[in-house]
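# Breakdown of the fold
Here is how the chains run, residue by residue.
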Amino acid sequence: MGKNVKRIQLPRRFSIDEVPGLFDEIKGVQKDTPLEIDFRDMADFDSSSIAFFNYLKKNYPHLTFTNVQPELKKILSLFSIGKDTGDPSDSRVSMAERLQAVGGKVIKFEEILKGFLVLLADEISYTFQYLLKRRGVYPGEIFNQIYFMGYNSFPIVSVIVFLIGVTISITSAEQLRDFGADIYLADLVGFGMVRELVPLMTGIILAGKVGASITAEISSMKVLEEVDALKTMGLIPEKFLMVPRLIAISLVIPLLVVLADLIGIFGGVLVAYIVSGIPPDLFFREMFTVVGLSDFFIGLMKTLVFGWIVVISSGFKGFSVERGAVGVGIATTESVVLSISLIIASDCVFALILY
Amino acid sequence: MKEIVGVKNLHVGYGDYVVLKDLNFAINLEEITVIVGKSGCGKSTVLKSLIGLLPPISGEIFFRGEKMDYLSETSLQTLYKQIGVLYQNSALLNSLTLYENIALPIKMRHPDLPAAIEREMVNTRLSQVGLLENRDKFPAELSGGMKKRAALARAIILDPAIIFCDEPSSGLDPITAGGLDELMLNLKEFFGLTFVVVTHELRSIEKIADNVLVLDNGGLHYFGPYRDLFTLKDRFIDTFFLKDINDDYKRTKI
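All figures in this text were calculated on a predicted structure; none of them were measured in a lab. (Residues numbered from 1 in each chain as written. Chains lettered and ligands numbered in written order. Predicted model: local features only at pLDDT ≥ 70, side-chain atom pairs only at ≥ 80, totals over all residues.)

## A few points about the domain arrangement of chain A
Selection rule: For each domain, the first and last residues come from an automatic or database assignment.
What the domain assignment lists for chain A is domain 1 (6-78) and domain 2 (95-354). Placing a centre on the C-alpha atoms of domain 1 of chain A and another on those of domain 2 of chain A gives a separation of 69 Å.

Next up, the structure:
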C-alpha cells in the first residue's frame, strides 16, 4: 500500500512572511512521502516563495504541483537554477585552512628565498654590465633617481637623527651624572650615532620612503602591463628599472650618512651643553678619542648594505606582484616589512662580526 | 602568401592548467589576422605565447621559419627585434612624455643613433597617429584613444614585421575605435605591416580582418579567411557574429 499523500493548500498571499510557517510544516514530512502543492487560491507571491518551490523540487522527489497558472509556470522556469550548485563556500576561514595557510607559507618561503637570491645575483651582474657597457638603462634616469632619493629622504633623515641624538643625550646624561661621568656622553653619542643609529635609522627611513615607492611604482607598472611592454621591446625590466636605483642609492647614501652623522652629533652636542654643561670643544675632543675614521667607514658601509637591501627587496616585491590593484598595496606593505626585517637581521650580523 | 608565424600542435595555459589545446594555424605577411572568442576563452593567452611572454605547455611556434625557444634569451631577443605589441592598457611608461615613450625603443636599442634622426623618426610616427601636437604631454594627460594611438606609434617605431594588438578597441567609443582600425588598415596597405589582433568588437573585425581565428571550447574552432566565415553555417560562429542562422549570407567583406 502506498504512502498517504500530503496535501498543502497555498494561501492567497504567499510571500516571505508566510514561507517560514509553511517550511516548518513541510520539515516534518518524510522525503519519500508524495507531496501535493495546490496553487488554486494563490494570487500573490514573491521570489522567496519561488525559492521555496525550488527547494521542494530538489528535496521531494514525489512532488506534484496542481492548479498552477500558466503565467506562474513561466515565472517558475525563469527562476529555476537548473542544477544544484551545493552550499556556498563560507568566506570565514576555518582552523584547518589557517593551519594549511601556515604550512603553505613555510613551503613558499623556499621559493621566495630562491627568487630573492636570483634577483640579487641578476642585479649585481646587470649593474656591472651597465658600468662596463653603459647600455640598457634610460639616459638620465640615474640622476632622476638621485634627485628623488636624496631630495625626498634628506629632510626626514635629518629630523629623525637629530631627535635621536637629542633623546639619547638626555636619557644618558642623567645616568652618567650619577657616576660623575658626564664627559663620557660625548663618547656615547658619537660612537652610538656613527656606528649604529645613523646607519639603522637611515636604512629604516629609506625602507619606508624610497623602498615603498619603488615597490608601488614597479608593481603598478607590472599590473598595467608596462613591464611586459619593456620585455617585448627587447629590454630587461630588471635591469632597466633596478640598475638606476641601485646606482643612485649607492651615490646618495654617502651624502646622507655624512649629513646624518653631523646632524645627529649636533643634537647630542646641544643637549650636552644645555643639560650637562659640556662645552662643544670639550665634547668633540673627548668624542674623537673614541670615534675614528674607521668607525665612520663602518657606518657608511653598513648604510650602503642597508640601502641595497631596500632596493633589492622593494624590486623583488614589485616584480612578484599578483592580483591587480589589491596586490600593489599588499606588495608595498610587504616590501617595507621585508626591508626592515632584513636590515635588522643584517645589523645583527654586522654586530657579531665587527665588535 | 609568405608565412611569418606558424603554430603547430600548440597547448597553452598556466602551469599545468591547459587553456587551449592542439592549435594549428599560420599567419601570413601583410595580412590582418583577428583572434576572436568568448571572454575567458584564452585569446590573450595565445597572444602572450606568440609574443614570448608565456612559454607554451607543449607544441611549437615558428617565427619566420625558426622555431622559438622560450628558454633562450637569444631566441627571445631575436623575436622582440621583429615584433611590436600594443597592449590592452596601452602600457605607456607614465614617468615619460609621449615623445620619450615613443623614442624609448630607439634610445635603448640604438643608443648611438644621432638625436636629430631619432627626432625625425619619432615625429614622423607621431604625425602618422595624429599626436604630434601632444608630444610633450605625459600619458596621464591623454585620453584612452590617444594613449592607444601613442602605444601603436611606439609599437611601430622600429619597423617591426608584425604587430600584436591585445583588444585595441577596448574602452574606446565606436568613432575612436574606427579611427584606430583605419590606422591599422593604412599601415598594412602603405607600409606592408602584418597585424594579429585580439578583439571581440564585431564592427572592427568586419572592417579589418583578412583571416579569423575563432577559439571556443578549449581549442581552435575555425581558422580561415573572414569572407568564408559565414558560408560555414556554423551555429557558434553565427551566434557569436550576431547572424541569423537563416540568413543567406549575402554580406561580403568591404
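Resuming the write-up.
## Some words on helix α5 (residues 141-178) of chain A
All names here are of chain A. Condition: Numbering of helices and strands starts at the N terminus; helices are DSSP runs of H or I of at least 4 residues and strands are runs of E of at least 2. To estimate how far a helix should extend, the number of its residues minus one is multiplied by 1.5 Å. Fitting axes to the seven residues that end at a residue and to the seven that start at it, the angle between those axes gives the bend at that residue. Once C-beta atoms are placed from the backbone, each residue is buried if 20 or more other C-beta atoms lie within 10 Å of its own, exposed if 12 or fewer, and partly exposed for counts between those two. By the criterion used throughout, residues are in contact when their C-beta atoms, derived from the backbone, lie within 7 Å.
Here α5 spans 55 Å end to end across 38 residues, near enough to the 56 Å set by a 1.5 Å rise per residue. Along α5, the sharpest kink reaches roughly 35°, centred on Phe154 and followed within four residues by the proline Pro155. By the burial criterion, the buried members of α5 are Gln145, Met149, Ser153, Val157, Val161, Ile164, Gly165, Ile168, Ser169, Ser172 and Ala173. Contact partners of the buried residues in α5: α6 (185-223) and α8 (237-275). Just downstream of α5 lies Gly180, where phi reads positive at about 65°.

## Details of the sheet that holds strand β3 (residues 32-37) of chain B
Residue and element names in this part refer to chain B. Short version of the rule: We treat two strands as partners when DSSP finds at least two bridges between them. Fitted lines through C-alpha atoms serve as axes, helices being fitted only where they are in contact, and the angles separating the N-to-C directions of these axes extend from 0 to 180 degrees.
Taken together, the six strands give an open sheet; going across it, the order is β6-β7-β8-β3-β9-β10, and neighbouring strands pair in mixed fashion. Because the sheet does not close on itself, it has two edges, and the strands there are β6 (83-86) and β10 (219-225). Averaged over neighbouring strand pairs, the angle between their axes works out to 15° when direction is ignored.

## Things to note about the pairing of strand β1 (residues 3-14) of chain B
Residue and element names in this part refer to chain B. When β1 meets strand β2 (residues 17-28), the two strands line up antiparallel, connected through eight bridges. Bridge pairing in β2 links Val5 to Ile27. Here β1 hands over to β2 after two residues, with Gly15 in that stretch at a positive phi of 65°. In this sheet, strand β4 (residues 58-63) lies alongside β1 in antiparallel orientation, the contact comprising five bridges. When the sheet's bridge partners are listed, Val5 is paired in β4 with Phe63.

## Structural notes on the nonpolar core
Under the convention used in this document: Remark: nonpolar core denotes a set of buried Ala, Val, Leu, Ile, Met, Phe, Trp, Tyr and Cys residues whose joining runs through C-beta atoms within 7 Å.
Counting residues in each nonpolar core, the largest one holds 135 residues, and the members touching the most others are Val34, Ile35, Ile102, Ala150, Ala153, Ile163 and Phe164 of chain B. Looking at this core element by element, the count peaks at 19 residues for α6 of chain A. Excluding residues that lie within four positions of it along the chain, Ile35 of chain B makes contacts with Lys43, Val46, Leu47, Val196, Val198, Leu213 and Leu215 of chain B. Within the second largest apolar cluster, five residues are counted, among which are Leu10, Leu35, Ile37 and Phe45 of chain A.

## Focus: the sheet that holds strand β3 (residues 35-38) of chain A
Residues and elements named next belong to chain A. Here three strands make up an open sheet; going across it, the order is β1-β3-β5 and the pairing parallel. Strand pairing shows two members of the sheet lacking a second neighbour, β1 (6-9) and β5 (63-66), which therefore form its edges. Each neighbouring strand pair of the sheet contributes to a mean axis angle of 20°, computed without reference to strand direction. Pairing of β1 with β3 involves four bridges; the strand directions are parallel. Its bridge partner being in β3, Ile8 is matched across the sheet by Ile37.

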